[in-house]
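One letter stands for each residue in the lines below.
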Amino acid sequence: MVRVEIPERDRQKSLLSEAATGGVERIPPSLAVDLLAELEISEQERSEALQAVLRNSRTESPVKALVIHSLARLRGSEAVPDILDALRDAPEQDSAVAVAVATALGRVGGAEQVGTVRGLVDSTSHERVRQVARFATNLLAHRHGLADHVVEFPEAGLQPRPEATGASVFRSTAAGQFRRRESLNAARHDLPWLSADQDSYEIQCGRQLLTVLVPRGITGKDGIAQLTARPLVAAVITARKESSGESFASLLVLTHPGKGGVEAMVSRLKGEPFLLGKGTVERDEAVFELVSVQAPGLPAVSVRIRLDRGQLEISGVSSQRKVAGTAPEQVAEDEGL
């Protein structure tokens, strides 16, 4: 993406607010929203400026979607009333706002928002909205441990397990404190609910460096029992962009009790499944086996996760071979293994 350079004199709240509604020809509205969220003014002033853009009738739907994401990142759960207002005010056919609302509520909403997100699934025939809302419902259920609201993970064909010969073999190591802080700050940009109480592990797979953040409640003394007790966001995985070296939240690991063990899914932040599998839990040990799904652009990957008395080991194989076809934009980006 090419970023338009804006002179410093144009980086003013009033001008950018006008530009976000399409009123300044030389500044694209989407860029104006990004700059408003980054202005060196108080958080309250940034929030108020974004709220005004969201309420403005001249603001186009795709721009409102960007504002919703910015408010969720900036204010976390405090942005929920604004997000709900945006949904109430949007026309029923406005899929851009509906997708943004579902995504934002999944990431920052409380348990009481499950009904609203489920309602999006039932009230529209737009498949993308339904897909995102189903995942947002699942994310809320796993974030808040709501067993009654878990949606089954998507059914998908699995790729054959890759052979180690000619592939990248990886194994986790404990991450240092600097890498842990860097990864945690990056993850909180999109997932502001993530607590600081995380253990961290690094995986070097080919040229890709990943950091796995795991709640200490899981790796602690009685953590394994949680896996069979309720739905969990068992880990957040960050990746590093090769171009800039910046880290970003890339993948989520969701688990919940299922028939014959614990169901597990590694997905993109918007819900596209990457790995699916199951785990077994016996006394002080949990073992998961996951394989990548059949989807355009995804490599063949197999992963084994073992948790034993607080010690976590992640190992696996990633093939250079990828499923043929045109990958969706969110998958085509270099976002993981």
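Novice: Break down the overall build of the protein for me, with residues and values.
Specialist: In terms of regular secondary structure, the protein is built from 12 helices and 11 strands. A compact globule built from 337 residues should have a C-alpha radius of gyration of about 20 Å, and the protein, at 21 Å, falls within 12% of that. The C-alpha extent of the protein, read off along each of the three principal axes, is 60 × 40 × 40 Å. Taking all 337 residues of the protein together, 50% fall into the buried category. The contacts of the protein with a sequence gap of at least 6 include a subset with a gap of at least 24, amounting to 55%. Of note, the protein has its 40 positive side-chain charges centred 3 Å away from the centre of its 45 negative side-chain charges.

Novice: Tell me about the pattern of salt bridges, residues and numbers included.
Specialist: In the structure shown here, the tally under the stated rule is 23 salt bridges. Two residues, arginine 58 and glutamate 18, come together in a salt bridge whose shortest N-O distance is 3.4 Å. Placement of the pair is arginine 58 in the loop between α3 (43-55) and α4 (61-75) and glutamate 18 in helix α1 (residues 13-20), with a sequence separation of 40 residues. Between aspartate 199 and arginine 216 there is a salt bridge, with its nearest N and O atoms 3.0 Å apart. Here aspartate 199, found in strand β3 (residues 198-205), pairs with arginine 216, found in helix α10 (residues 216-219); they are 17 residues apart in sequence, far enough to count as distant. Taking relative accessible area as the criterion, arginine 216 reaches 33% and is therefore assigned partly exposed. The network of salt bridges with shared partners includes Arg179, Glu182, Glu202 and Arg240.

Novice: Any chance you could break down the environment of glycine 115 for me, citing the residues and the numbers?
Specialist: Locating glycine 115 in the fold gives a position in helix α7 (residues 114-123). Measuring from C-alpha to C-alpha, the distance between glycine 115 and threonine 137 comes to 8.4 Å, with 22 residues separating the pair along the chain.

Novice: Please set out empty space enclosed by the protein residue by residue, giving values where relevant.
Specialist: Evaluated as defined, the whole model comprises two cavities of 30 Å³ or more. In this structure, the largest cavity encloses a volume near 350 Å³. Considering the residues around the largest cavity, the lining is formed by 25 residues, among which Val212, Ala235, Val253, Ile305 and Ile314 are closest to the centre. Every element with two or more residues in the lining of the largest cavity is listed here: β4 (208-215), β5 (232-240), β6 (247-258), β7 (261-268), β9 (285-292), β10 (299-308) and β11 (311-322).

Novice: For the packing of aromatic side chains, give the residues involved together with the corresponding values.
Specialist: On inspection of all chains with the given rule, the structure shows zero aromatic pairs. Taking NZ or CZ as reference, lysine 241 lies 5.8 Å from the ring centre of phenylalanine 248, over its face. Directly above the ring of phenylalanine 274 sits arginine 268, whose terminal nitrogen or CZ lies 5.1 Å from the centroid.

Novice: Can you explain the packing of α4 against helix α5 (residues 80-89)? Please cite residues and give values.
Specialist: It is the contact of α4 with α5, at a shortest axis distance of 9 Å, that shows an interaxial angle of 165 degrees. Relative to α5, α4 is oriented roughly antiparallel. Once α4 is placed against α5, the crossing between them reads as left-handed. Counting all contacts with α4, which are made through Ile68, Leu71, Ala72 and Arg75, the residues of α5 involved are Asp82, Ile83 and Ala86.

Novice: Tell me about the pairing of β10, and please be specific about residues and values.
Specialist: Counting buried positions along β10 yields seven of 10 residues, so the element is predominantly enclosed. Pairing analysis gives seven bridges linking β9 to β10, with the strands arranged antiparallel. Its bridge partner being in β10, glutamate 289 is matched across the sheet by arginine 304. Between β9 and β10, which pair antiparallel one after the other, the connecting turn spans six residues, and glycine 297 there sits at a positive phi close to 85 degrees.

The rules behind each value
- Sequence order as written defines the numbering, with residues in each chain counted from 1.
- Per-residue local features of the predicted model are confined to residues with pLDDT of at least 70, and side-chain atom pairs are confined, for both listing and counting, to 80 or more; whole-chain, interface and lining totals are unaffected and use all residues.
- By convention in this description, side-chain values take in all heavy atoms of the structure and omit both hydrogens and water.
- A run of DSSP states H or I qualifies as a helix once it reaches four residues; a run of E qualifies as a strand once it reaches two. Both are numbered from the N-terminal end.
- Just to be clear, the radius of gyration here is over C-alpha atoms, and the globule rule we use is 2.2 Å times residues to the power 0.38.
- Buried means the residue's accessible area, taken with a 1.4 Å probe over protein chains only, is under 20% of the maximum for its type, while exposed means over 50%, and partly exposed covers the values in between.
- Whether two residues are in contact is decided by their heavy atoms, any of which lying within 4.5 Å being enough.
- Think of it this way: Lys and Arg go in the positive column, Asp and Glu in the negative one, and His and the chain ends go nowhere.
- Note that the charge is assigned to NZ on lysines, CZ on arginines, CG on aspartates and CD on glutamates.
- Salt-bridge detection follows one rule: a side-chain nitrogen of Lys or Arg within 4 Å of a carboxyl oxygen of Asp or Glu.
- The pocket and cavity definitions rest on a 1 Å grid over protein atoms only: a 1.4 Å probe that fits but cannot leave marks a cavity, an open set with protein on both sides within 12 Å along at least five of seven lines marks a pocket, and residues lining either have an atom within 4 Å of a point.
- Grid points are joined across faces, edges and corners, and a volume is the space filled by probe spheres set on the points.
- Put simply, two rings from Phe, Tyr or Trp (the six-membered ring, in Trp's case) pair if the centres are within 6.5 Å, and we call them stacked under 30 degrees between planes, edge-to-face over 60, tilted for the rest.
- A ring has a charge above it when a Lys NZ or an Arg CZ is no more than 6 Å from the ring centre and no more than 35 degrees off the ring normal.
- Axes, fitted as lines to C-alpha atoms, cover a helix only where it is in contact. Angles between the N-to-C directions of the axes lie from 0 to 180 degrees.
- Oblique is the label for any angle not under 35 degrees, not over 145, and not in the 65 to 115 range, which are roughly parallel, roughly antiparallel and roughly perpendicular in turn.
- Left-handed is the label given to a crossing in which the near helix is rotated counterclockwise from the far helix by less than a right angle, and right-handed is the label when the rotation is clockwise.
- For two strands to count as paired, DSSP must find a minimum of two bridges between them.

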